[in-house]
Every structure is written in structure tokens, then in C-alpha cells.
Amino acid sequence: MSWDFGSWLYQQRADIDARWLAVVQKLPAYAALSADECLSYCQSLVDALLEDQTETLMEGVRQWADREVGERRATPSELLSIAEGLSQVIQDLLSAEGNLGQVNGRLNALDVALTQYFAGEVERLTAEKSRLEALHEITRELTASLDLGRVLHRTLAGVTTAITAEMGVVFLVDSAAGQVVPETAINWNSERIPVAVLPSAWRLGQADLPLVLSDLQTEQTEAWVKVLADPNMRSLMVAPLVANGAFMGLLAVASSRPEAFSPTHVRLFRTVLGQIATAIGNAEVYRLLTQQAQELGQMLRHQQEEATKSQAILTSIADGVIVNNAEGQTILVNPAAESILDMPGEQLIGQDFHALFSVFDARGREEAVAAMEALLGAVALEVEVRKAFQMTLEVDSRVVHAHLSPVLTQRGDFLGVVTVLRDITSEVEADRAKSEFVSNVSHELRTPMTAIKGYTDLLYAGAVGPVNDEQERFLAIIRNNADRLTALINDLLDISRVETGRLRFEPQPTQIGEVISDVVNVLAGQAEAKHQTLTYGVVGGLPDVMGDRDRLNQVLTNLVGNAVRYTPEGGEIEVRAYPVEGAVRVDVQDTGIGIATDDLGRIFERFYRADHPLVQEVGGSGLGLSIVKMFVEMHGGRVWVESEQDKGSTFTFILPVPVQVEGEGPGRRIPPCVMARARTILVVDDDPNAVNLARMQLENSGYRVFILGSGRSVVVWAEEKRPDLITLDLILPDVDGLEVLRDLKKNVATADIPVVVMSIRQDDGAAWGLGAADYLTKPVEGKDLLRSVEKALTWQGRVLIVDDDVDTLGLLSAAMRQIGFTSLVAADGYEALAMTRRYRPDLILLDLRLPGMDGYEALAHLKRDAVTQVIPIVAISAHVADTEQERKRLIASGAASFLPKPFSIEELLAEVESALQPVAGPTPG
Ligand code: ADP
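Only a predicted model underlies this, so the values are computations on that prediction, with no experimental measurement involved.

**Remarks on the packing of aromatic side chains**
Then, number 1: Counted according to the given criterion, the structure contains 6 aromatic pairs.
Then, number 2: One cation-aromatic arrangement involves Arg72 over Tyr41; the distance from NZ or CZ to the ring centre is 3.3 Å.
Then, number 3: Of note, Arg479 hangs over the ring of Tyr460, and the distance from its end group to the ring centre comes to 4.3 Å.

In C-alpha cells:
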């Protein structure tokens with residue numbers, strides 16, 4: 001009987017299982033399983049060993065291994081351990097029995113089957129590994145470089161190799177041409193393909209499955225595929241490249257073999273597809289970024305170069321340049337400015353502009369600060385920035401010319417202020433040296449001139465023997481010219497004295513009338529010789545001016561002398577002196593040749609003489625008027641001329657009268673807004689009933705009431721006590737109430753006190769004409785009185801009207817009186833300044849076109865002076881091209897409002913009202 005492996009195994013099964021199980025249960029893949037489970041999973045291995053056919057046995061082993069790898073994730077070494085364990089147990093048992101030879105063949109087949117199985121596995125894994133490596137390589141290529149051309153080529157090479165395709169191509173969309181264009185190719189000659197012929201899903205950017213054609217020779221294809229493919233291609237795989245939902249091109253691979261692409265190839269192709277598309281998208285973004293970065297870089301370089309150039313210019317420029325921003329902070333100081341200011345730039349940068357000007361002398365500093373404030377302030381008010389300012393400043397022993405101008409962009413945005421400083425010390429010194437020289441020469445000339453004149457006079461007087469007629473005529477000519485030369489020398493000396501600061505100037509209280517009469521007396525002979533009438537009129541009680549009598553004499557001599565010389569025979573010359581507010585005014589009027597408009601602006605210049613036959617004939621130096629101007633201005637005055645050719649000229653100058661010290665004379669009025677006390681009302685009435693009623697009514701409303709029963713003492717009382725308002729009965733025991741009203745209005749100290757007339761008489765308009773604020777007919781009701789008083793007090797105020805036109809003056813004062821203002825008048829800017837300082841009006845109506853100092857200049861002065869700055873000013877002008885522009889300009893200069901001529905009374909009152917509105921917003925300083 002032969003030995004049978006199957007029967008043996010059946011008998012030994014329990015023993016075999018026990019031993020074998022010990023091996024299996026130690027393995028990780030089986031450790032968690034029960035003994036039964038382990039045995040049942042390995043049963044098919046035992047079953048395989050029972051197969052008699054080697055081939056079937058091996059197939060059984062392979063199937064077992066496949067299942068254990070697939071289901072239990074058993075590793076090759078675990079499988080080997082299980083198989084070896086089983087073989088070992090069987091061998092052990094059989095060798096003990098001596099029957100081992102019976103099963104050797106089976107056990108060998110088990111070994112071979114497993115070895116073959118593992119060899120197959122290794123091959124499969126190697127293929128997978130190389131696929132992964134290819135993918136990895138492609139991915140690395142795609143992400144490592146942003147150079148699209150290179151990336152695409154290398155990626156394509158990677159893909160074709162991995163897919164074992166011999167040909168490959170990448171197309172990119174050329175949207176301008178509406179085509180896809182071959183970007184990079186391997187063994188592929190393709191033409192451009194119109195986008196329109198491609199599948200619509202592709203064109204719309206839908207990522208789609210690749211189109212795979214296994215044999216181009218047998219399969220039906222669309223027309224565009226024929227364009228794409230070469231005749232030698234058999235297999236073709238093509239798909240759209242889609243990034244961020246946009247169609248970007250095509251990826252295609254091909255092979256000369258049919259059926260060249262397996263599902264693994266297709267998978268790889270699809271993976272690469274998505275990555276290429278993303279890479280193309282990234283590269284596009286990168287290209288845009290690089291391009292922009294390059295452009296920006298170029299711009300920056302250009303700007304840096306420009307900035308360096310500007311910096312170099314600023315550094316090497318000889319003038320000091322300082323820039324302040326719109327907030328007034330210093331943001332740039334060039335080296336020249338540092339040396340002029342003698343201060344390192346760091347000390348100034350970031351500082352307020354006040355620091356900048358701190359080194360200058362007080363007067364210059366004020367002027368520069370005011371200019372800067374005007375430039376910066378114009379911005380704060382959001383109006384047109386004003387023009388440039390110029391001034392001369394002094395630092396230590398140096399003289400600096402400063403030019404401040406606004407910095408504006410092309411759009412007109414205000415950026416700040418640029419100040420250019422130029423050291424003009426050497427110019428000033430040269431000028432001084434010149435003046436010294438002129439002065440020295442003039443002095444030196446005087447001595448010989450004295451000799452010439454003296455000896456001529458002696459000869460002329462016959463001191464050395466008689467002279468005949470002809471000799472006498474010649475001597476007269478010599479004497480005449482010697483006189484002219486002397487006059488010229490004297491003029492030159494005066495000018496150089498003023499310039500070198502050596503002129504003696506000793507002001508003292510002077511009656512200008514006396515000077516006028518002296519001069520007229522001296523020149524009367526000359527006028528008489530020309531049959532001219534030379535007269536003068538001086539208003540009585542003229543106040544003293546503070547003046548240097550010699551200089552004033554010279555001023556008048558030059559003016560009256562000119563009038564005589566430039567007025568033909570028989571003409572008239574009149575000198576007038578009269579008081580104006582805060583000053584004395586002198587007119588020298590003639591009926592002479594007059595001055596042409598073109599010359600008017602220049603006659604005060606040195607050596608300037610009009611081109612007129614009489615002027616040329618008379619001869620002269622052209623220095624007289626410049627001396628007049630210098631001297632008048634030294635007195636704090638002003639001079640100007642009005643003239644009409646062939647009709648005559650009037651030269652006018654004004655000299656200020658010293659301001660009375662506060663507390664003396666008529667007191668200063670306190671502006672209503674700062675009155676903290678109760679308002680006082682003077683009731684002038686002799687009727688006890690009326691008085692009582694008024695007192696009760698007014699006191700109940702918080703006024704302090706004073707009573708006067710007669711008229712004569714009213715003005716004196718009012719002058720001293722300065723009530724805020726007067727109620728005035730017209731029928732008084734001693735004088736007519738209208739007389740009292742007239743006296744009150746005539747007196748500068750009381751003129752502005754509003755007077756409410758209360759009378760039993762019917763209103764005949766007389767009181768209004770005299771300046772009453774209101775007229776109430778008795779019996780007066782308490783509430784009517786109160787309303788009238790209140791109205792008069794609201795509008796109570798002084799207005800200064802500055803206008804040289806008499807008709808306008810009358811109109812303006814009447815209109816202002818109507819609303820309760822008392823008017824003061826001034827005929828020119830200079831007078832306006834003096835009156836404003838003296839009387840502090842509550843409002844100024846300022847005509848801009850004035851003789852002497854014009855309205856613009858007056859406005860600038862008033863706004864610069866801390867005392868007068870707060871007074872609202874209504875600027876008035878008839879000579880305006882663009883009203884709105886002018887209004888902006890004036891408001892920027894500090895005017896409260898602007899009234900273009902002609903205007904209606906309503907317009908005037910509207911502007912006045914707006915000017916009196918309290919101004920909101922920042923206050924200067
Ligand atoms: P001068 O009289 O020596 O020429 P001025 O400086 O006094 O020098 O005057 C300058 C010029 O002004 C004169 O040359 C003349 O053309 C003009 N001028 C001055 N006064 C009068 C006047 N009263 N009438 C006309 N022209 C005058």
C-alpha cells in the first residue's frame with residue numbers, strides 16, 4: 001500500500017495546525033485575528049499543497065498570496081514566513097517518520113510559486129515607481145521654473161517619455177488671432193488650428209476627458225484632428241489645457257503604434273494636463289508681474305535721477321531756498337539758506353515757520369511772518385492763493401532779500417511756500433559806497449562853486465572896475481548856471497545824506513502854516529516875475545505836526561518852486577493846508593502844463609524829467625520830487641499827484657498828527673462787543689411824567705438811566721459820561737432840542753451816540769436830517785420806546801467811509817445813517833489808516849481806488865496791525881473784470897465782504913450785514 005500525502009495530512013491535521021498557528025499568529029498582519037480566522041485564511045495554501053498537478057498547485061499558491069496581499073495587506077516576508085512555517089512543520093513531522101521524500105516535490109513547487117509571485121510583484125511595482133518618478137519629474141519641472149517655454153518643453157519631453165509616445169505637442173491660445181499655436185513640439189510638425197473648430201466644451205474652458213484615438217488609420221475622425229495629426233501617427237491622445245476656467249491651449253501626444261495608450265497612460269496624461277494648465281496660468285501672472293516690476297523699477301530709477309538732479313541744483317544754487325509745507329512746517333533748507341541763516345538745516349526741518357525767521361531783525365521778521373501767514377491763510381480759507389511777497393530783512397550785519405511764493409501743482413493744489421533768500425549785503429554796501437562817493441564829490445564841488453559864485457558876484461557888482469553891458473550879460477549867465485549847479489549839488493548831497501543815514505532829522509511840533517508862508521514869501525518874487533498869482537490858505541487852528549522844519553521847508557520849496565516853473569506866465573498857484581482825520585493835508589495846486597499819464601508814475605523817480613518843451617527849457621536835475629518823497633515819508637507821511645495835461649497839477653502830501661495819549665482828550669470808544677457793563681441811557685426831558693415812564697420801562701429792562709432836564713449841558717455831559725444812547729425831547733426849557741442834536745452830531749466825541757427823539761411835535765424830517773436814530777411822537781408807549789432803543793443799540797456803531805468821490809461819500813453815509821451808524825470819512829488810504837487807529841470804527845467801507853495809498857495797500861496795513869485787524873472791512877470797487885475772482889482775492893487779503901459798483905442800497909446793506917456777522921473758523925495767531 002502506497003503512502004498518501006492527503007491521508008497523512010488529514011490524520012496529522014490537528015498537530016500541524018497547532019504548530020503552524022504559532023508561526024502565523026506572530027505575524028503583524030494576523031496578530032489581531034483569532035486562531036480560527038488565521039487557519040481559515042491560510043486553508044487555501046494547505047489546499048494548494050494537496051494538488052497533484054504542479055501547475056495547479058502553483059496557481060493555488062499564487063491565488064492565496066494575491067488574496068492575502070489584497071485583503072490582509074500581508075507583506076512578502078509575512079507570506080514567506082507562513083509558507084516556510086507550513087513547510088517546516090510538515091518536514092519536521094515527515095522526517096521523523098522517514099517519509100520526507102514523498103512531499104519534496106510539492107514543497108519545492110510551493111517555493112517556486114511564491115518566488116514567481118514576488119518577481120511579478122516587483123516588476124509591477126517598478127513600473128509604478130517609474131510612472132510616479134516621471135510624474136514627480138514633471139511636477140518638479142512645472143513648479144521649479146517660471147520660464148514658460150522651457151517648462152513646457154521639458155514637461156512635454158517628460159510626458160511623452162512616461163507615456164512611451166514618440167511625438168508630443170503643446171498648443172497655446174493666441175486670442176488675437178483666434179487660433180491655437182504650437183508652442184513646443186517633439187517630433188511633431190503641426191500647423192495652427194482655429195479655435196472655432198475645436199469641441200465647444202473645450203473652448204468654453206470646461207476641463208474634459210482627453211480624446212483618445214487608438215488607430216487613426218481605421219477610426220473616423222473630425223477634420224481638425226486631421227490638421228493636428230501627421231500621416232505616420234496611429235495612436236493619438238489630445239486634451240484641452242484649462243486654468244481658472246479659461247481655455248489656454250492643447251496638449252497632444254501620439255505614437256506610430258496603434259493602441260499605444262493604456263488606461264495608466266491616460267491617467268498620467270490627465271494628471272499632467274491639469275498641472276501644465278496651472279503652470280501656464282502662473283507663468284502668465286508671473287510675466288505680468290515681472291513686466292510691471294520692470295516698469296516700476298524704471299520709473300523709480302527715472303524719478304531718483306530727477307530727484308538727484310533737483311537736489312544737486314538746490315545744493316549748488318547760490319540763493320538760499322527754503323520750502324514750507326501747507327501747514328507751515330519747514331521741509332527743505334538748502335546749504336545756501338543754512339549759511340544765510342547761520343543755522344544748520346536740521347534745526348529747522350519739521351519746525352514751524354516762525355523758527356525760520358527768528359534770526360531776522362524785528363521789523364523784517366514781522367513782515368515775513370505776515371507774508372507767510374497770508375500765503376498759508378489763503379489756503380485755510382480755501383480761496384485762491386495770493387501772489388508772491390518780497391521783502392528786505394536784516395540778520396546781524398547782513399542784508400537779505402526774501403521772496404516768498406506759493407508752490408502750486410498744475411491743477412492748482414497748494415503744496416506750500418518756497419522762500420528764496422539772497423544775500424544782498426554786497427549790493428547794499430556798493431550802493432552805500434556810491435552814495436558816499438556822491439556825497440564826497442558834492443562836498444568837494446561846493447568849495448570851488450562858492451569861489452566861482454563869489455567872484456562872479458564881485459565882478460557883477462563892479463568891485464574890480466566897471467563892466468560893460470555885454471560883460472554884465474555874460475556874468476549873469478555864469479551866475480545863473482553857477483546857481484543851478486549849486487542847487488544840483490545840494491540835491492545830490494541831500495539824497496546821499498538820506499541814503500547813508502547821515503541826514504539830521506529833528507522833528508518837533510511844527511505849525512505847517514508857518515512853513516508854507518515862509519516858502520510862499522521866498523518864492524513870491526519868482527511868481528511875480530512870471531505874472532502868476534501865488535496864494536495860500538491855511539485853515540485856522542491846524543494841529544501841530546511832528547516835523548523837521550528845514551526838511552518841510554525844502555518839501556514845500558520844491559513843490560511850490562516846480563509849480564512856478566512848470567506853469568506858464570499868468571497862471572495860478574494855490575497852496576492849501578487843512579486838517580483831515582489824524583493828519584494835516586497840504587495841496588499845492590497849479591494851472592500849469594500838467595503831466596502826461598505816462599509820466600505820472602515816474603516823476604518821483606530820481607533824474608526823471610518829462611519830455612515837454614517847457615520842462616526841457618527850464619532845466620533841472622530831476623531830483624526835486626524824489627527828495628520831496630523821501631522827506632515826506634521820513635515824517636511818516638505820503639505824497640501823491642493828480643494832474644491833467646495842459647490843465648494843471650495838484651501835488652498833495654499828508655503829515656500825521658501825533659495821536660493823543662489815551663485818557664486825554666476825547667476818550668476812545670470801546671467797541672460794543674466788549675462792553676460787560678449795563679448800557680447807559682441819558683433821558684433828556686423836562687416832563688416828569690415822560691421821564692418816569694421812560695425810567696421805569698428802561699430800568700426794568702436792565703439799562704442804567706440818567707436824566708437831564710435841560711438841553712445846554714447835554715453835550716458836555718455826554719462827552720464825559722459817554723452814554724450808549726440818548727433820548728431827546730425837542731421842547732426843552734433852555735434850548736431847542738434840534739440844536740442839541742446838531743451839537744451832539746458835530747462833536748466827534750459824541751457823534752456816534754444814537755439819539756432817539758421823543759417829541760410832542762409831529763415829525764417833519766428835520767431830526768432825521770440831523771442824524772437822529774429814530775423819531776417817536778409823544779405820548780410814547782413803553783414797548784415802542786423799548787423797541788426803538790433796542791434797534792438803535794443793535795446797529796449802534798461807527799463806520800469809516802473811505803472814498804474820494806464826494807457823491808458816493810454822501811450816498812454811503814446817508815445809507816449807513818439809516819441803519820444807525822455814525823459815519824466818519826477819509827479820502828485816501830493814508831487818512832483811513834490814521835482814522836482807524838484813532839477812532840476804531842466798528843466797520844470800514846473801503847473804496848479800492850484812492851489817490852496816494854490805494855485801498856489794497858490800506859487793507860493790507862489794516863489787516864497787519866493787531867489793533868485794526870479785527871475791524872470788518874467791506875471793500876468797494878468799480879474797476880473789476882471778474883467780480884468773483886476779485887471777491888476771493890479781497891477776502892483772502894482780509895476783507896469781510898466785497899461790493900462791486902454800481903450797487904443798490906439793498907446790496908450795500910446786505911454786504912454790511914454779512915461783514916458784521918461774527919466770523920466762524922480759526923482766528924489768526
Ligand atoms: P526837476 O524839476 O528838477 O526836473 P523834479 O524832480 O522836481 O525835477 O520834477 C521831476 C519832473 O516832474 C519835472 O521834470 C517835470 O517834468 C515834472 N513836474 C514836477 N512838478 C511839476 C508841475 N508842477 N507841473 C508839471 N510838471 C511837473
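What follows picks up the thread again.
**A word on the site of the ligand**
Then, number 1: If you check the shell around the ligand, you find 21 residues, and the closest are Asn562, Arg565, Tyr566, Arg609 and Leu625.
Then, number 2: Within the backbone of Ala610, a nitrogen or oxygen atom sits 3.0 Å from an oxygen atom of the ligand.
Then, number 3: Within the backbone of Ser621, a nitrogen or oxygen atom sits 3.1 Å from an oxygen atom of the ligand.
Then, number 4: When isolated, the ligand has an accessible area of 530 Å², and the protein chains bury 98% of it.
Then, number 5: Among the elements of the structure, α18 (549-565), α21 (624-634) and β18 (648-656) are those that each provide at least two residues to the shell around the ligand.

**Considering the packing of helix α23 (residues 714-721) against helix α24 (residues 737-746)**
Then, number 1: For the pair α23 and α24, interaxial distance at closest approach is 9 Å and the crossing angle is 35 degrees. Handedness of the crossing formed by α23 with α24: right-handed. Contacts between α23 and α24 involve Val714, Val715 and Ala718 on the former and, on the latter, Val740, Asp743 and Leu744.
Then, number 2: Within the contact of α23 with α24, the residues separate by chemical class into 5 nonpolar, no polar and 1 charged.

**A closer look at a negative patch on the surface**
Then, number 1: A grouping of Glu642, Asp804, Asp805 and Asp807 is seen on the molecular surface, where their side chains present a negatively charged patch.
Then, number 2: A residue is classified by how much of its surface remains accessible, and Glu642, at 43% relative accessible area, is partly exposed.

**Describing the environment of Arg131**
Then, number 1: Structurally, the position occupied by Arg131 is in helix α6 (residues 104-144).
Then, number 2: The buried category is assigned to Arg131, whose relative accessible area is 16%.
Then, number 3: Residues Arg131 and Val159, 28 residues apart in the sequence, show an inter-C-alpha distance of 9.8 Å.
Then, number 4: Once residues lying within four places of it in the same chain are set aside, the contact partners of Arg131 are Thr264, Arg267 and Leu268.

**Re the packing of helix α3 (residues 35-49) against helix α4 (residues 54-72)**
Working note: a packed helix pair is described by the angle between its axes plus the distance between those axes.
Then, number 1: With their axes 8 Å apart at the nearest point, α3 and α4 run at an angle of 170 degrees to one another. Put simply, α3 runs roughly antiparallel to α4. Residues Tyr41, Cys42, Ser44, Leu45, Ala48 and Leu49 of α3 form the contact with α4, whose own contacting residues are Leu57, Gly60, Val61, Trp64, Arg67, Glu68 and Arg72.
Then, number 2: Here the residues of the contact of α3 with α4 are counted per class, giving 8 nonpolar, 2 polar and 3 charged.

**Some points on unusual backbone geometry**
Then, number 1: The linkage connecting Lys778 with the following residue, Pro779, adopts the cis geometry, with an omega of -5 degrees.
Then, number 2: Relative to the elements of secondary structure, Pro779 occurs in the loop between β23 (774-777) and α26 (782-794).
Then, number 3: Non-glycine residue His531 carries a positive phi angle of around 55 degrees.
Then, number 4: Following the sequence through the fold, His531 ends up in the loop between α17 (512-529) and β13 (533-538).
Then, number 5: Here His531 falls in the exposed class, since its relative accessible area comes to 58%.
Then, number 6: A positive phi angle, near 65 degrees, is found at Asp646, a position not held by glycine.
Then, number 7: Turning to its location among the elements, Asp646 is positioned in the loop between β17 (638-644) and β18.

**A look at the side chain of Asp215**
Then, number 1: Mapped onto the elements of the fold, Asp215 is located in the loop between β4 (211-213) and α9 (223-228).
Then, number 2: The residues contacting Asp215, other than those within four sequence positions of it, are Arg234 and Pro258.

**Looking at a nonpolar patch on the surface**
Then, number 1: Taken together, the side chains of Phe437, Val441 and Leu445 make up a nonpolar region of the molecular surface, amounting to roughly 270 Å² of accessible area.
Then, number 2: Examined against the element boundaries, Val441 turns out to sit in helix α15 (residues 425-460).

**Examining the state of the cysteines**
In a disulfide, the sulfur atoms of two cysteines are covalently bonded to one another.
Then, number 1: Scanning the model with the defined rule gives 0 disulfides in all.
Then, number 2: Among the cysteines around Cys38, which has no disulfide bond, Cys42 carries the closest sulfur, lying 6.7 Å off.
Then, number 3: Under the relative-accessibility criterion, Cys42 is labelled buried at 1%.

**Quick notes on the sheet that holds strand β15 (residues 572-580)**
Hydrogen bonding along the main chain pairs the strands of a sheet, whether they run parallel or antiparallel.
Then, number 1: The mixed open sheet is built from 5 strands, whose spatial order is β13-β15-β16-β18-β17. The sheet terminates laterally at β13 and β17, the two strands that pair on one side only. Between one strand and the next, the sheet's axes are offset by a mean angle of 15 degrees, whatever the strand orientation.
Then, number 2: In this sheet, β18 lies alongside β17 in antiparallel orientation, the contact comprising 7 bridges.

**Some remarks on the nonpolar core**
Nonpolar side chains in soluble globular proteins generally cluster together in the buried interior.
Then, number 1: If you look at the biggest cluster of nonpolar residues, it comprises 42 residues, and the most contacted ones within it are Ile512, Leu556, Val560, Val575, Val586 and Phe653.
Then, number 2: Broken down by secondary-structure element, the contributors of at least two residues to this core are α17, α18, β15, β16 (583-590), α21, β17 and β18.
Then, number 3: What Leu556 contacts, discounting residues up to four positions off in sequence, is Ile512, Val515, Ile516, Val519, Gly561, Val575, Val586, Val588 and Phe653.
Then, number 4: Residues Leu57, Val61, Leu110 and Phe118 belong to the second largest nonpolar core, which totals 38 residues.

**A few points about the sheet that holds strand β19 (residues 680-684)**
Then, number 1: Taking strand neighbours across the sheet as the criterion, the 5 strands line up as β20-β19-β21-β22-β23 in an open arrangement whose pairing is parallel. Each of the sheet's edge strands pairs with one partner strand only, and the pair in question is β20 (704-708) and β23. The mean angle between the axes of side-by-side strands here comes to 20 degrees, regardless of whether they run parallel or antiparallel.
Then, number 2: With 4 bridges joining them, strand β22 (residues 755-759) and β23 adopt parallel strand pairing.

**What to know about the pairing of β19**
Then, number 1: Across the 5 residues of β19, 5 count as buried, placing the element largely inside the fold.
Then, number 2: Neither face of β19 is exposed, since Thr680, Leu682 and Val684 on one face and Ile681 and Val683 on the opposite face are all buried.
Then, number 3: Direction of pairing for β19 relative to β20: parallel, over a ladder of 5 bridges. Residue pairing for β20: Val684 is matched across the bridge by Leu708.
Then, number 4: Viewed along the sheet, the connection from β19 through helix α22 (residues 688-700) into β20 turns out right-handed.
Then, number 5: Taken together, the 4 bridges between β19 and strand β21 (residues 725-729) define a ladder with parallel strand orientation. Bridged to Leu682 within β21 is Ile726.

**As for the pattern of salt bridges**
Then, number 1: Applying the stated criterion across every chain yields a total of 36 salt bridges.
Then, number 2: As a salt-bridge pair, Asp15 and Arg19 come within 3.6 Å of each other at their nearest N and O atoms. One end of the pair is Asp15 and the other is Arg19, both in helix α1 (residues 5-24) and 4 residues apart, which spans about a single turn.
Then, number 3: The salt bridge involving Arg479 is made with Asp457; its shortest N-O contact spans 3.5 Å. Here the residue Arg479 occupies a position in helix α16 (residues 469-499), and Asp457 occupies one in helix α15, the gap between them amounting to 22 residues.

**Observations concerning α1**
Then, number 1: A rise of 1.5 Å per residue sets the reference length of α1, with its 20 residues, at 28 Å; its end C-alpha atoms lie only 22 Å apart and thus fall more than 12% short of the reference.
Then, number 2: Along α1, the residues classified as buried are Phe5, Trp8, Leu9, Gln12, Ile16, Asp17, Trp20, Leu21 and Val24.

**Regarding the confidence of the model for the protein**
Then, number 1: Considering every residue of the protein, the mean pLDDT works out to 83; 94% of them sit at 70 or more.
Then, number 2: Scored below 50 in pLDDT, residues 381-385 shows 15 contacts in the model against residues more than four places distant or in partner chains.

**Considering the pairing of strand β7 (residues 320-325)**
Then, number 1: With 6 of its 6 residues buried, β7 lies for the most part within the structure.
Then, number 2: Alternating residues of β7 divide into Gly320, Ile322 and Asn324 and Val321, Val323 and Asn325, and every residue in both groups is buried.
Then, number 3: Across 6 bridges, the pairing between β7 and strand β11 (residues 414-423) is antiparallel. Residue pairing across strands places Asn324 opposite Val417, the latter belonging to β11.
Then, number 4: Across 3 bridges, β7 lies against strand β8 (residues 330-333) in antiparallel orientation.

Cut-off values and rules
Residues numbered from 1 in each chain as written. Predicted model: local features only at pLDDT ≥ 70, side-chain atom pairs only at ≥ 80, totals over all residues. Heavy atoms only, no water. Phe/Tyr/Trp six-rings, centres within 6.5 Å; stacked < 30°, edge-to-face > 60°. Lys NZ or Arg CZ within 6 Å of the ring centre and 35° of its normal. Near = heavy atom within 4 Å. Polar contact = N/O pair within 3.5 Å; in protein donor to acceptor, adjacent residues only side chain to side chain. Areas by Shrake-Rupley, 256 points an atom, 1.4 Å probe, with all protein chains shown as cover. Helix = DSSP H or I, 4+ residues; strand = E, 2+ residues; numbered from the N terminus. Axes fitted to C-alpha atoms, helices over the stretch in contact; angles between N-to-C directions. Left-handed = near helix turned anticlockwise from the far one by under 90°. Contact = heavy atoms within 4.5 Å. Nonpolar A, V, L, I, M, F, W, Y, C, P; charged D, E, K, R; others polar. Patch = residues over 30% accessible without salt bridge, like charges linked within 9 Å, V, L, I, M, F, W, Y side chains within 5 Å. Salt bridge = Lys/Arg side-chain N within 4 Å of Asp/Glu carboxyl O. Lys, Arg positive; Asp, Glu negative; His and termini not counted. Charge placed at Lys NZ, Arg CZ, Asp CG, Glu CD. Buried < 20%, exposed > 50% of the residue type's maximum accessible area, 1.4 Å probe, protein only. Parallel < 35°, antiparallel > 145°, perpendicular 65-115°, else oblique. Disulfide = S-S within 2.5 Å. Pairing = 2+ DSSP bridges. Core = buried A, V, L, I, M, F, W, Y, C linked by side-chain atoms within 4.5 Å. Right-handed = clockwise from strand over helix to strand, strands pointing away. Expected span 1.5 Å × (residues − 1). pLDDT = per-residue confidence, 0-100.

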